[in-house]
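The residues making up each chain are set out below.
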Amino acid sequence: MFYLLLTLFGCLTGITAVLFGFGGGFVVVPLLYRLLTASHGADDPIGQSAMHIAVATSTCVMIVNALIATDKHRRAGNLIRHYLWPLGGFIALGAIIGAIAAVWVSGDVIRYAFITYLGVTIIDCLLRRGFLTRTEGVIPRRLSSTETYGGGVGIGAIATFLGVGGSVMTVPLLRRCGLSMSQATSMANPLSVPVAVAGTLTYMALAGFSETDLGAWFVGYVDLLAFAVLTLGSLLGIRMATPWIGRIPDRVHAWVYIALLIIVMLGMLLK
């Protein structure tokens, strides 16, 4: 049952990666956290490290999802280069900072930070002008220096700390620049790659400073078996979602994006 659920939810991560820019974190982190805590006792090392394992494995899955989804959107012509660089470089820098910070705090701190950030983001998307409704005919503006440098580091740090890939921040940011939901969610995928790579490598390396022995199927905090099953499921999901690229009405796309955030937040609240 454990791996069947991972396969099904892996499929969901593939769909959300392609259509909403979610590299997997918003699905993988709550699911894997729940499965690990339910299948291992409070005294078990894996149960005690459940949140760290969920976040680390999530960033690893995101590498595959984000790279494949990026290629799909590149072929569809949805990527705009000047929104990707140098923002992506500063996101990578912040990702290293966030992963280091996450290793040294408790799982509960990460969990509540995850819930809080989701809540703030949902309210911001609902109340701030420019997310739910896009004004037709307006030429999208470029990112400012502050948004690129400070925003990039902040996005990378928060995303890796929470294991969510950054889409929850990059999509609203690009949306406020005047891009369509299809374009904003498309570019969330390449912008998630530096978060995923930096986060995964840092979690693998820094887990060596812990005396906890998680078992043979772990590299650092990354659960290799869970990663493999989730990735297989996500490949199926990506294949299913690809025909829908660019076909979802903009306003519907925005509302579904917010609805997904709400569902995930409620799932994390119900510990």
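Calculation rules
- Residues numbered from 1 in each chain as written.
- Predicted model: local features only at pLDDT ≥ 70, side-chain atom pairs only at ≥ 80, totals over all residues.
- Heavy atoms only, no water.
- UniProt positions renumbered as here; feature names shortened; annotations may be inferred.
- Helix = DSSP H or I, 4+ residues; strand = E, 2+ residues; numbered from the N terminus.
- Core = buried A, V, L, I, M, F, W, Y, C linked by side-chain atoms within 4.5 Å.
- Buried < 20%, exposed > 50% of the residue type's maximum accessible area, 1.4 Å probe, protein only.
- Contact = heavy atoms within 4.5 Å.
- Salt bridge = Lys/Arg side-chain N within 4 Å of Asp/Glu carboxyl O.
- Axes fitted to C-alpha atoms, helices over the stretch in contact; angles between N-to-C directions.
- Parallel < 35°, antiparallel > 145°, perpendicular 65-115°, else oblique.
- Left-handed = near helix turned anticlockwise from the far one by under 90°.

A word on the UniProt feature "transmembrane region" (unreviewed entry) in the chain
At step 1: In the UniProt entry, the feature "transmembrane region" (unreviewed entry) is given for residues 7–29, 49–70, 82–103, 109–127, 148–171, 191–209, 216–240 and 252–270.
At step 2: Taken as a whole, residues 49–70 contains 95% helix and 0% strand, while its terminal C-alpha atoms sit 31 Å from one another.
At step 3: Between the C-alpha atoms that bound residues 109–127 there is a distance of 27 Å. The span itself is 100% helix and 0% strand.

Some details on the nonpolar core
Nonpolar side chains tend toward joint burial in soluble globular proteins.
At step 1: Counting 73 residues, the largest nonpolar core has Leu 6, Phe 131, Leu 174 and Tyr 257 as the members making the most contacts within it.
At step 2: Ignoring anything within four residues of it in the chain, the contact list for Leu 174 reads Tyr 83, Leu 143, Leu 179, Ala 184, Met 187 and Leu 191.

Focus on the pattern of salt bridges
Once the charged atoms of two side chains with opposite charge are near each other, the side chains can pair.
At step 1: Evaluation of the coordinates by the stated rule reveals one salt bridge.
At step 2: Of the charged contacts, one joins Asp 71 and Arg 74 as a salt bridge, the two residues approaching to 2.8 Å between their closest N and O atoms. Taken as a pair, Asp 71 and Arg 74 lie in helix α4 (residues 50–76) at a separation of three residues, close to a single helical turn.
At step 3: By relative accessible area, which is 25% here, Asp 71 ends up partly exposed.
At step 4: What makes Arg 74 exposed here is its relative accessible area of 51%.

Looking at the environment of Ser 182
At step 1: Residue position: Ser 182 is located in helix α9 (residues 181–206).
At step 2: Look past the residues within four positions of Ser 182 in its chain and what remains in contact with it is Asn 78, Gly 246 and His 253.

Focus: the packing of α4 against helix α10 (residues 224–241)
At step 1: For the pair α4 and α10, the least separation of the axes is 10 Å and the interaxial angle reads 25°. Of the possible angle classes, the one that applies to α4 and α10 is roughly parallel. The interaxial crossing formed by α4 with α10 has right-handed handedness. Listed contacts from α10 to Thr 57, Cys 60, Val 61, Val 64, Asn 65, Ile 68 and Lys 72 of α4 are Ala 226, Phe 227, Leu 230, Thr 231, Ser 234, Leu 235 and Ile 238.

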